[in-house]
Amino acid sequence: MKIVVLTGAGISAESGVPTFRGSDGLWEGHRVEDVASPEGFARDPQLVHTFYNGRRRKLLEVEPNPAHRALAKLARVRGVDLTLVTQNIDDLHERAGSEEVLHMHGELLKARCNECGVVIPCREDLSRASICPACKGIDCMRPHVVWFGEVPFGLDEIAAAISSSDRFVAIGTSGRVYPAASFVSWARQAGVSTLELNLEESAASGVFHESRRGRAGEIVPLWVEEVISSVNQRS
């Protein structure tokens, strides 16, 4: 069984990772345009560095939850070919045991050089004084995350995986962030079965064949056990 799973902020929120933005439109007190756009970085790179330094430190304080661990378990099941795509920039899937994760919006624990393009692991604070280990440039390092106005990573790979899958499942997504919000439509156009697992109704709930409500840490493990049982019955 070929399954594509897309995870969003809702799965990591249960581990204590703040969701993308609040009801007031701000992201941890900042305008999104100021801390999550190339223009914002050009205007005030140190503000952006300070913002992501804080998020990086908070990420290192949290742990994966049962939903992350259930998906890692699913990937190890014989008879299941899982493509795990996440909109999240945290590493909780990896810490839970998932070995292949497509981070379409980048990774918080990596940095990228604007000059030579090298991508490196990054657990320390970045600043304008940070030096690229490859080209030795100064004031050229940035968080390895996809900002508004930038193209997400791996879209061709994701589209191919969805079109050839048996099932597309979205977990903890808002259905408002594109192009990820279009994935369910891509799946339906390809004749793929679609399922949404979410705490509450999303903007895309009506497009899915089936939607289930509940905390990710509770409903994702239940769904995974359903899949495992189904696969075992076929074998």
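The structure we're discussing is the one just above.
The structure displayed is predicted, hence computed values, not measured ones.

Calculation notes
- Residues numbered from 1 in each chain as written.
- Predicted model: local features only at pLDDT ≥ 70, side-chain atom pairs only at ≥ 80, totals over all residues.
- Heavy atoms only, no water.
- Buried < 20%, exposed > 50% of the residue type's maximum accessible area, 1.4 Å probe, protein only.
- Helix = DSSP H or I, 4+ residues; strand = E, 2+ residues; numbered from the N terminus.
- Pairing = 2+ DSSP bridges.
- Core = buried A, V, L, I, M, F, W, Y, C linked by side-chain atoms within 4.5 Å.
- Contact = heavy atoms within 4.5 Å.
- Axes fitted to C-alpha atoms, helices over the stretch in contact; angles between N-to-C directions.

(A) Up close: the pairing of strand 1 (residues 2-7). A large share of strand 1 lies buried, amounting to five of its six residues. Strand direction decides the pairing type here: strand 1 and strand 4 (residues 81-86), joined by six bridges, are parallel. When the sheet's bridge partners are listed, V4 is paired in strand 4 with T83. When strand 1 meets strand 9 (residues 167-171), the two strands line up parallel, connected through five bridges. Note on strand 9: the bridge partner recorded for V4 is F168.

(B) Expanded view of the nonpolar core. Membership of the largest hydrophobic core comes to 25 residues, with the highest contact counts inside it found for I3, V5, L74, I171, V220 and W223. Only strand 1, helix 5 (66-75), strand 4, strand 9, strand 10 (193-198) and helix 9 (216-234) provide two or more residues apiece to this core. Examining the composition of this core, we find that eight residues originate from one element, helix 9, more than from any other. Those residues in contact with V220, other than ones at most four positions away along the chain, are A67, A70, L71, I171 and L197.

(C) Structural view of the sheet that holds strand 7 (residues 119-121). The three strands lie next to each other as 7-6-8, forming an open sheet whose pairing is antiparallel. The open sheet is flanked by strand 7 and strand 8 (141-145), the only strands paired with a single partner. Neighbouring strand axes in the sheet, compared pairwise and without regard to direction, differ in orientation by 45° on average. Contacts from helix 4 (residues 45-59) reach strand 6 (106-113) and strand 8, with the element oriented near 140° to strand 6.

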